[in-house]
Amino acid sequence: MSLHVKPSTTTDALAAAGSALLSDWAREAIAARGRAVIALAGGGTPRLLYPVWAARAGLDWTRVILAFGDERAVPPTHADSNYGMVQEALLAHLDAAPRVLRMAGEHPRLEQAAADYARDLRGVLDADGRLDAALLGLGADGHTASLFPGSAALDEAKRWCVAAPGPDGTSRRLTLTFPLLKRARHIAFLVAGADKAAVLREVLHGPLDTRHLPAQTLLRDAALDVHLLLDAAAAAGLD
Ligand code: 6PG
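Keep in mind that this is a model prediction, so the values were computed, not measured.

**Some details on the overall build of the chain**
- The helix and strand inventory of the chain stands at eight helices and ten strands.
- Expected size for 239 residues packed as a compact globule is a radius of gyration near 18 Å; at 16 Å, the chain falls within 12% of this value.
- For the C-alpha atoms alone, the extent of the chain along its principal axes is close to 40 × 40 × 35 Å.
- When burial is assessed residue by residue, the chain has 55% of its 239 residues classed as buried.
- The long-range share in the chain, meaning contacts at least 24 apart out of those at least 6 apart in sequence, stands at 74%.
- Of the roughly 9,800 Å² of accessible surface on the chain, a fraction of 52% belongs to carbon and sulfur atoms.
- Of the side-chain charges in the chain, 25 are positive and 27 negative, and the distance between the mean point of each set is 5 Å.

Take a look at the structure:
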């Protein structure tokens, strides 16, 4: 496998490219295993993709199971909820309902919610425990999902989902972990904007330092099938 860098000139083209890629991977999984399990991302850049995917997917959504890469410790109706964002940007526009595995960010004990989510995932993944695809964003600090620099979640070697500190170290999140993300059949990073140019350069061309730049764990692992979709502004710092 290797890193596939796919520049787009605009964010509209970026969203269209990401939508097409997720649909291709979903169709591949449905043909091979009867259904596709795809983990979605929160954040403003991944959000660009969802309305385009809703309009152009060309999928039998009843064969798709949507999971989440992470969630904030809020109820699904909260403005910060990744589920709430996906509900508004994607699910509300679909003519047929995919099964959705929602992370219970509202749970009073996030550790229990994380264990429950890992159990839910085990119930839909094959014995090989592999997501068919994971859509991820990249934070300006080098995080992905809710795997933030210096987080104890970076060291998780077994559990598929954990409760983890948020970006400010005080708020909390639920996040898939690298043991599960690294097993995904396909990974797509959606990165846009001039504010990501510097971190993307560091992640791709800087010294390997996964504790400070967690996204390197995936973007610098040549054994994985990682597709980096980015716009011209985010690509400005790349060789
Ligand atoms: C979240 C996401 C997070 C996001 C990145 C990129 O819950 O916010 O999972 O990992 O994808 O921070 O977000 P932007 O594209 O908005 O910068």
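Right, picking up where we left off after that structure.
**Examining the environment of Ala234**
- Of note, Ala234 is situated in helix α8 (residues 232–235).
- Each C-alpha atom, one on Ala234 and one on Asp195, is 7.1 Å from the other, the two residues being 39 residues apart in sequence.
- When near neighbours in sequence (up to four residues on either side) are disregarded, Ala234 contacts Val191, Ala192, Gly193, Lys196, Ala197 and Leu200.

**With respect to the packing of aromatic side chains**
- Evaluation of the coordinates by the stated rule reveals two aromatic pairs.
- Here the aromatic rings of Trp53 and Trp61 are separated by 4.8 Å at their centres, their planes lie at 70 degrees, and the arrangement is edge-to-face. Per residue, the accessibility class of Trp53 equals that of Trp61, and both read buried.
- Ring geometry for Phe68 versus Tyr83: centroids 6.0 Å apart, planes at 50 degrees, classification tilted. Remark: Tyr83 occurs in helix α3 (residues 82–89) and Phe68 occurs in strand β3 (residues 64–68); sequence separation between them is 15 residues. The pair Phe68 / Tyr83 is uniform in exposure class, with both members buried.
- Across from the ring centre of Tyr83, 5.8 Å away, lies the NZ or CZ of Arg102, which sits over that ring.

**Thoughts on the sheet that holds strand β10 (residues 226–231)**
- One open sheet accounts for seven strands, arranged β1-β10-β9-β6-β2-β3-β5; its pairing is parallel. The open sheet terminates on both sides in strands that have one partner only, identified here as β1 (3–8) and β5 (99–100).
- Two strands pair when backbone bridges link them, and strand β6 (residues 133–136) and strand β9 (residues 187–191) are joined in this way by three bridges, in the parallel orientation. When the bridges of β9 are listed, Leu135 appears paired with Ala188.
- The strands that helix α2 (residues 44–56) touches are β2 (36–40), β3, β6 and β9; relative to β9, the one it contacts most, it runs at about 110 degrees.

**As for the pairing of β10**
- The buried fraction of β10 amounts to six of the six residues, a majority that puts the element mostly inside the structure.
- Alternating residues of β10 divide into Val226, Leu228 and Leu230 and His227, Leu229 and Asp231, and every residue in both groups is buried.
- Pairing analysis gives five bridges linking β9 to β10, with the strands arranged parallel. Among the inter-strand pairings, Ile187 is bridged to a residue of β10, identified as Val226.

**Quick word on helix α1 (residues 11–33)**
- Given a rise of 1.5 Å per residue, 23 residues ought to cover 33 Å, and the 32 Å separating the end C-alpha atoms of α1 matches this to within 8%.
- All buried positions along α1 are accounted for by Leu14, Ala15, Ala16, Gly18, Ser19, Leu21, Leu22, Ser23, Trp25, Ala26, Ala29 and Ile30.
- Looking one or two places after α1, you find Gly34, whose phi comes out positive at around 85 degrees.

**Describing the environment of His205**
- Along the chain, the position of His205 falls in helix α6 (residues 197–205).
- Beyond its immediate chain neighbours, meaning those up to four positions away, His205 contacts Arg220, Gly237, Leu238 and Asp239.

**Topic: the side chain of Ser81**
- Examined against the element boundaries, Ser81 turns out to sit in the loop between β4 (70–72) and α3.
- Within the structure, Ser81 has its side chain in polar contact with the backbone nitrogen of Tyr83 (distance 3.2 Å).
- With sequence-adjacent residues up to four places away left out, Ser81 is seen in contact with Glu71, Val74, Pro75 and Pro76.

Rules behind the numbers
Residues numbered from 1 in each chain as written. Predicted model: local features only at pLDDT ≥ 70, side-chain atom pairs only at ≥ 80, totals over all residues. Heavy atoms only, no water. Helix = DSSP H or I, 4+ residues; strand = E, 2+ residues; numbered from the N terminus. Rg over C-alpha atoms; globule rule 2.2 N^0.38 Å. Buried < 20%, exposed > 50% of the residue type's maximum accessible area, 1.4 Å probe, protein only. Contact = heavy atoms within 4.5 Å. Areas by Shrake-Rupley, 256 points an atom, 1.4 Å probe, with all protein chains shown as cover. Lys, Arg positive; Asp, Glu negative; His and termini not counted. Charge placed at Lys NZ, Arg CZ, Asp CG, Glu CD. Phe/Tyr/Trp six-rings, centres within 6.5 Å; stacked < 30°, edge-to-face > 60°. Lys NZ or Arg CZ within 6 Å of the ring centre and 35° of its normal. Pairing = 2+ DSSP bridges. Axes fitted to C-alpha atoms, helices over the stretch in contact; angles between N-to-C directions. Expected span 1.5 Å × (residues − 1). Polar contact = N/O pair within 3.5 Å; in protein donor to acceptor, adjacent residues only side chain to side chain.

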